[in-house]
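Listed here are the chains, written in short residue letters.
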Amino acid sequence: MNTTYIIVITALLVLVILGAILLAPVFARRKRTERLQDHFGPEYDHTVQTMGGEKKAQTELDERQKHVDALDIRPLSVSERGRYLADWPAVQSKFVDEPGQAIVDADRLIIEVMQLRNYPVSDFEQRAADLSVNYPALVTNYRAAREIAIKNEHLEADTEELRQAMIYYRSLFDELLEIEPVVA
């Protein structure tokens, strides 16, 4: 091999290594974006829109994950789960005669279960953010149910909207009551 080939090969190797070094952060960002989009689904897009940009949204979603990891969320005991499973039919049956009150009661049950499982419950937006970590597919419905509940408070929600809110609450309620494996 002559000197020219060695120089050309060395230059190409240097370019490949520099390219890999320069592109590594791009690939890492893309991988992070894909991971967050896969995990959070529509909540990812909601957060991007709310935060005003992808970078801020990704930081927010990572912070949510850290926050929820620090909460020591616990599953319900069998007896707690049984109690709430028994409470739901009463709330649901109330819908026939008092749909507005049934929505209030459904929201109250969600909050009780969340509190029992160690979620902070004082602020709706924080509840929704915390739920988005473990229940990303349901948080959009939870927000929609909350909007209907607010309309209900102002006596502006129609029966169909209240019915939809009840369905949204029920799906989240069912997920919150699932018995999770206890890690020893």
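(A) Highlighting the environment of Ala 102. Turning to its location among the elements, Ala 102 is positioned in helix 5 (residues 99-116). Residue class for Ala 102 comes out buried when judged on its relative accessible area of 0%. In sequence terms Ala 102 and Ala 128 are 26 residues apart; their C-alpha atoms lie 21 Å from each other. Not counting residues up to four positions away in its chain, the partners in contact with Ala 102 are Val 91, Lys 94, Phe 95 and Met 166.

(B) Spatial organisation of the nonpolar core. Ranked by size, the top nonpolar core spans 34 residues in total, and within it Tyr 142, Tyr 169 and Leu 176 carry the most contacts. The set of elements that each furnish at least two residues to this core consists of helix 4 (78-97), helix 5, helix 6 (124-134), helix 7 (139-153) and helix 8 (159-177). Looking at this core element by element, the count peaks at nine residues for helix 8. Setting aside its immediate chain neighbours within four residues, Tyr 169 contacts Trp 88, Ile 103, Ala 106, Asp 107, Ile 110, Tyr 142, Ala 145, Arg 146 and Ala 149.

(C) Broad picture of the domain arrangement of the protein. Taken as a whole, the protein is organised into domain 1 (2-70) and domain 2 (78-178). One C-alpha centre belongs to domain 1, the other to domain 2; they are set 37 Å apart. In this assembly, nine residues from domain 1 lie in contact with 11 residues from domain 2. Of the roughly 840 Å² buried where domain 1 meets domain 2, counting both sides, 57% is carbon and sulfur surface. Among the residues domain 1 hides against domain 2, the three largest losses belong to Glu 43, Arg 64 and Val 68. Together they make up 47% of the total. Seen at the junction of domain 1 and domain 2, the total is one salt bridge. Counting every contact that joins domain 1 to domain 2 gives five residue pairs in polar contact (both at pLDDT 80 or more). Of all the secondary structure elements, the ones that give two or more residues to the side of domain 1 that touches domain 2 are helix 1 (3-40), helix 2 (42-51) and helix 3 (54-69). For the side of domain 1 that touches domain 2, the element with the highest residue contribution is helix 3, accounting for four residues. Of the residues in the side of domain 1 that touches domain 2, the class split is three nonpolar, four polar and two charged.

Cut-off values and rules
Residue positions are given per chain, counting from 1 as you read along its sequence in written order. Two thresholds apply to this predicted model, a pLDDT of at least 70 for residue-level local features and 80 or more for giving and counting side-chain atom pairs, whereas whole-chain, interface and lining totals are computed over all residues. To get the side-chain values, take all heavy atoms of the structure and skip hydrogens and water. Numbering of helices and strands runs from the N terminus; a helix is a DSSP stretch of H or I covering at least four residues, while a strand is a stretch of E covering at least two. Relative accessibility under 20% of the residue-type maximum defines a buried residue, over 50% an exposed one, and the middle range a partly exposed one, all with a 1.4 Å probe and only protein chains included. Note on contacts: a residue pair is in contact if any heavy atoms of the two residues lie within 4.5 Å. The criterion is simple. A nonpolar core is a set of buried Ala, Val, Leu, Ile, Met, Phe, Trp, Tyr and Cys residues joined through side-chain atoms within 4.5 Å. An automatic or database domain assignment supplies the start and end points of every domain. A quick way to say it: buried area is the sum, across both parts, of accessible area lost when two parts are put together, with a 1.4 Å probe. Note on definitions: salt bridges are taken to be side-chain nitrogens of Lys or Arg within 4 Å of carboxyl oxygens of Asp or Glu. By the criterion applied in these results, polar contacts are pairs of N or O atoms within 3.5 Å in which, for protein atoms, one can donate a hydrogen and the other can accept it, and in which residues neighboring in sequence qualify only through two side-chain atoms. Following the grouping adopted for this structure description, the nonpolar residues are Ala, Val, Leu, Ile, Met, Phe, Trp, Tyr, Cys and Pro, the charged ones are Asp, Glu, Lys and Arg, and the polar ones are all others, Gly among them.

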